[in-house]
Amino acid sequence: MKKPNILSQPLKLRCGTTIKNRVCKSAMNEAIATGESRVVRGFEVLYETWARGGAGLLVTGNVMVDRFHANEPLAVAVEDKRDFLILQLWAKAAKTNGTQVWAQLNHPGKQSPKFLNKEPIAPSAIPLASDMFVPPRELKEEEIQEIIEKFTTTSIILKEAGFDGVQLHGAHGYLISQFLSPKHNQRQDKWGGNLDNRMRFVSEVYKSIREKVGKKFAIGIKLNSSDFQKGGFTQEESLLVCKALDELGIDMIEISGGSWENPVNRKGHLKESTKNREAYFLEFAELLKKTVSTPVMVTGGFRSQSAMIEALETKAVDLIGLARPLAIDPDLPNKLLNDNGVTSSVMPITTGIKKLDQMAIMEISWYTDQIRRMSEGKEPKTKVRGIWSVIEVLFHFWQRGQVVKKVRV
Ligand SMILES: Cc1cc2nc3c(=O)[nH]c(=O)nc-3n(C[C@H](O)[C@H](O)[C@H](O)COP(=O)(O)O)c2cc1C
C-alpha cells in the first residue's frame, strides 16, 4: 500500500480541534449573496462540494460584519439571526466528511467601492489612490468600539450556527490592516501612532471575540507579511503583531500580502527564488515559524504537490493554503492526498484586451464565475474566456440588483 504523504498528517490546534490534513481552502469571496447581503442556499451546495473535495479546513469567503460596509458586490453579511437556518445548513454541509469550517470576518473600512458605499470609514481620513472609492471619514472612538462589538456578535452567531471557528481578515488593505499601517493610520489617540497603538484594534477584536466564544472555538487571522508600500506596514512589524497575537492565544496565522492599491498575488511581481518554491511568502513564513508557536499557513502561489510537500517537510509552514486551484478543481485536495505528482492546472486568465488583463477585476471575475457555477451544482467551466466571465459576473450582479440604498431594519 502507498505510504500517505505529509499532506495527510493531522494538525492539532490550541483550541483542541484537530484538522484532519494539511490542505486548507483559503478564503474566496463567493459573490452569491442577495443584493441585501443575505445568505442563500447556494452556500450549502458550494461548501458541500468543497468538503467532499478532501481539504481539512475550509475558510469561507469574507463575511461582512456590517452589511452597509461591503468590499465587493454580493458579499454576504451576518449581523443578526435573520438567516440563521440557512447558516446552519451552510455549516453542516461544510462539515461533511469531517472537514472543519471557519468563517472569515471582514470590515473593509475605506476599501469599500463607491457603487456600494458612499460613506466609507477608516482609522484616518486618508483617501485611497483610486477613483473607485469615496474618500473616507475618520472613525470616532465610540464607532471603533461598535465595530469591535460587530466582529464579536458575528462570531457568536456563527458559532451557534455550527461553524468551527472564525478567521479575522487582517490582510489585503481592509480595516484591520488599515489600522496596522502607519501610512493609513495617522491617529493621535490610543488607536494610532506607535505599533502597540496601531495593533490595539486587532488585539481588542481578538480579545472581545475570545471572551464570548470561549477557548474551544478556533480564532485565526490572515495577515500581510508586509504591505509592500512605502511608509506602510513592514515585515518587522508584521512579525511583532504575530508574536503579540500568538501570546494572546490565536489558533492559526495565515500569511498573505498586498492590497487593492498594491496587489502582489500575481506572478509578475516575484523574485526568482520565490518562483522556484512557488508560494509567495515562504521566506517570511520561515522567519515567523521561529517567532511564534501557533501554526502558520501560507497562501498564494502553491500549485504542485512537490512544492507543498517540500514546504511542510522543511517546516516552513504547517498548513498549505489554496484558493484559485480549488475554484477550478474542488476535488484537488483528494488528488494531492492520494496520488503522486499532482499539479493544479491554474493558468493566468486573459481576455486578449491588454488594459483589461492588467486589472485584478478580470481575474477575480473569472474565478467568481467558477464559484457561482459550483454553488448552482454545476462543474467549473475552465474553457470560458476571461471576457465572457466579466460579462457574466456583471450580469449576475445587475440581476441581483445590489444597491447602495440598503435600509436598516
Ligand atoms: C475569486 C477570489 C476571491 C477572493 N476572496 C478573498 C477573500 O474573501 N478573502 C481573502 O482573504 N482572500 C481572498 N482572495 C485571495 C485568496 O484567498 C488568496 O490569498 C489568493 O488568491 C492567492 O492564493 P492562490 O494563489 O492559491 O490563489 C480571493 C481570491 C480570488 C481568486
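Values in this document were obtained by computation on a predicted structure and should not be read as measured data.

**Quick look at the overall build of the chain**
Now for step 1: When its secondary structure is counted, the chain shows 15 helices and 12 strands.
Now for step 2: By the compact-globule yardstick of 22 Å for 409 residues, the chain fits well, its C-alpha radius of gyration being 20 Å.
Now for step 3: Taken along the three principal axes of its C-alpha coordinates, the chain extends 60 × 50 × 45 Å.
Now for step 4: Buried residues in the chain amount to 61% of all 409 residues.
Now for step 5: The contacts in the chain between residues at least 6 apart in sequence include a share of 71% that link residues at least 24 apart.
Now for step 6: Here the chain contributes 58 positively and 47 negatively charged side chains, and the mean placements of these two sets differ by 2 Å.

**A short note on a nonpolar patch on the surface**
Now for step 1: The grouping of Phe115, Met132 and Trp260 at the surface amounts to a nonpolar patch, some 290 Å² of accessible area in total.
Now for step 2: Looking at the secondary structure, you find Phe115 in the loop between strand S5 (100-106) and strand S6 (121-122).
Now for step 3: Owing to a relative accessible area of 44%, Phe115 belongs among the partly exposed residues under this scheme.

**A few points about the state of the cysteines**
One way to say it: the disulfide is the covalent bond shared by the sulfur atoms of two cysteines.
Now for step 1: A complete count under the given rule lists 0 disulfides for this structure.
Now for step 2: Cys15 forms no disulfide, and the closest cysteine sulfur to it belongs to Cys24, at a distance of 14 Å.
Now for step 3: Here Cys15 falls in the buried class, since its relative accessible area comes to 7%.
Now for step 4: Looking at the unpaired Cys242, the closest cysteine sulfur is the one in Cys24, lying at 16 Å.

**Examining the packing of aromatic side chains**
Think of a pair of aromatic rings as described by two things: how far the centres are apart, and how the planes are tilted against each other in angle.
Now for step 1: In the structure shown here, the tally under the stated rule is 8 aromatic pairs.
Now for step 2: Centroid distance Phe43 to Trp90: 4.2 Å. Interplanar angle 25 degrees. Geometry classified as stacked. Highlighted residues: Phe43 in helix H1 (residues 42-52) and Trp90 in helix H2 (residues 84-94), separated in sequence by 47 residues. Like Trp90, Phe43 is buried.

**Focus on the site of the ligand**
Now for step 1: Neighbouring the ligand are 23 residues; Ala27, Asn29, Gln104, Lys222 and Arg324 lie closest to it.
Now for step 2: In this structure, His169 approaches the ligand through a side-chain N or O atom, which is 3.0 Å from an oxygen atom.
Now for step 3: Between the ligand and Arg303 there is a distance of 2.9 Å, counted from an oxygen atom to a side-chain nitrogen or oxygen.
Now for step 4: Burial of the ligand by the protein amounts to 95% of the accessible area it has alone, namely 610 Å².
Now for step 5: Elements represented by at least two residues in the shell around the ligand include exactly strand S4 (57-64), helix H11 (324-328) and helix H14 (360-375).
Now for step 6: Examining the composition of the shell around the ligand, we find that 3 residues originate from one element, H14, more than from any other.
Now for step 7: Its residues placed into classes, the shell around the ligand shows 7 nonpolar, 13 polar and 3 charged.

**Section: the nonpolar core**
Soluble globular proteins: nonpolar side chains tend toward being buried together.
Now for step 1: Membership of the largest hydrophobic core comes to 100 residues, with the highest contact counts inside it found for Phe151, Phe201 and Phe302.
Now for step 2: When residues of this core are assigned to their parent elements, the largest contribution, 7 residues, is made by helix H3 (residues 141-161).
Now for step 3: No fewer than three residues from each of domain 1 (9-346) and domain 2 (347-399) sit in this core.
Now for step 4: Grouped together as the second largest cluster of nonpolar side chains are 13 residues, Leu11, Trp102, Met252 and Leu319 included.

**Quick look at the pairing of S5**
Now for step 1: Burial of S5 is extensive: 7 of the 7 residues sit out of reach of the surface.
Now for step 2: In S5, alternate side chains face the same way, and those of Gln100, Trp102, Gln104 and Asn106 on one face and Val101, Ala103 and Leu105 on the other are all buried.
Now for step 3: Of the pairings in the sheet, the one linking S4 to S5 comprises 6 bridges and is parallel in character. Residue Val63 lies in a different strand from S5, and its bridge partner there is Leu105.
Now for step 4: With H2 bridging S4 and its parallel neighbour S5, the resulting β-α-β unit is right-handed.
Now for step 5: Pairing between S5 and strand S8 (residues 165-170): 4 bridges, direction parallel. Looking at the pairing, Leu105 lines up with Leu168 of S8.

**Points about the domain arrangement of the chain**
Now for step 1: Partitioning the chain into structural domains gives domain 1 (9-346) and domain 2 (347-399).
Now for step 2: Spacing between the C-alpha centres of domain 1 and domain 2 amounts to 22 Å.
Now for step 3: Contacts between the two partners involve 21 residues from domain 1, matched on the other side by 19 residues from domain 2.
Now for step 4: Of the roughly 1600 Å² buried where domain 1 meets domain 2, counting both sides, 71% is carbon and sulfur surface.
Now for step 5: Seen at the junction of domain 1 and domain 2, the total is 1 salt bridge.
Now for step 6: Between Arg324 and Glu363 there is a salt bridge, with the nearest N and O atoms lying 3.4 Å from each other.
Now for step 7: At the level of secondary structure, the elements contributing two or more residues to the side of domain 1 that touches domain 2 comprise H1 and H11.

**Observations concerning unusual backbone geometry**
Now for step 1: A positive phi is found at Ala31, a non-glycine position, where the angle reads about 55 degrees.
Now for step 2: Considering the arrangement of structural elements, one finds Ala31 in the loop between strand S3 (23-25) and H1.
Now for step 3: On the accessibility criterion, Ala31 (2% relative accessible area) is buried.
Now for step 4: Of note, Leu74 is a non-glycine position whose phi angle comes to about 60 degrees, a positive value.

Calculation rules
Residues numbered from 1 in each chain as written. Predicted model: local features only at pLDDT ≥ 70, side-chain atom pairs only at ≥ 80, totals over all residues. Heavy atoms only, no water. Helix = DSSP H or I, 4+ residues; strand = E, 2+ residues; numbered from the N terminus. Rg over C-alpha atoms; globule rule 2.2 N^0.38 Å. Buried < 20%, exposed > 50% of the residue type's maximum accessible area, 1.4 Å probe, protein only. Contact = heavy atoms within 4.5 Å. Lys, Arg positive; Asp, Glu negative; His and termini not counted. Charge placed at Lys NZ, Arg CZ, Asp CG, Glu CD. Patch = residues over 30% accessible without salt bridge, like charges linked within 9 Å, V, L, I, M, F, W, Y side chains within 5 Å. Areas by Shrake-Rupley, 256 points an atom, 1.4 Å probe, with all protein chains shown as cover. Salt bridge = Lys/Arg side-chain N within 4 Å of Asp/Glu carboxyl O. Disulfide = S-S within 2.5 Å. Phe/Tyr/Trp six-rings, centres within 6.5 Å; stacked < 30°, edge-to-face > 60°. Near = heavy atom within 4 Å. Polar contact = N/O pair within 3.5 Å; in protein donor to acceptor, adjacent residues only side chain to side chain. Nonpolar A, V, L, I, M, F, W, Y, C, P; charged D, E, K, R; others polar. Core = buried A, V, L, I, M, F, W, Y, C linked by side-chain atoms within 4.5 Å. Domains from an automatic or database assignment. Pairing = 2+ DSSP bridges. Right-handed = clockwise from strand over helix to strand, strands pointing away. Buried area = accessible area lost by both parts, 1.4 Å probe.

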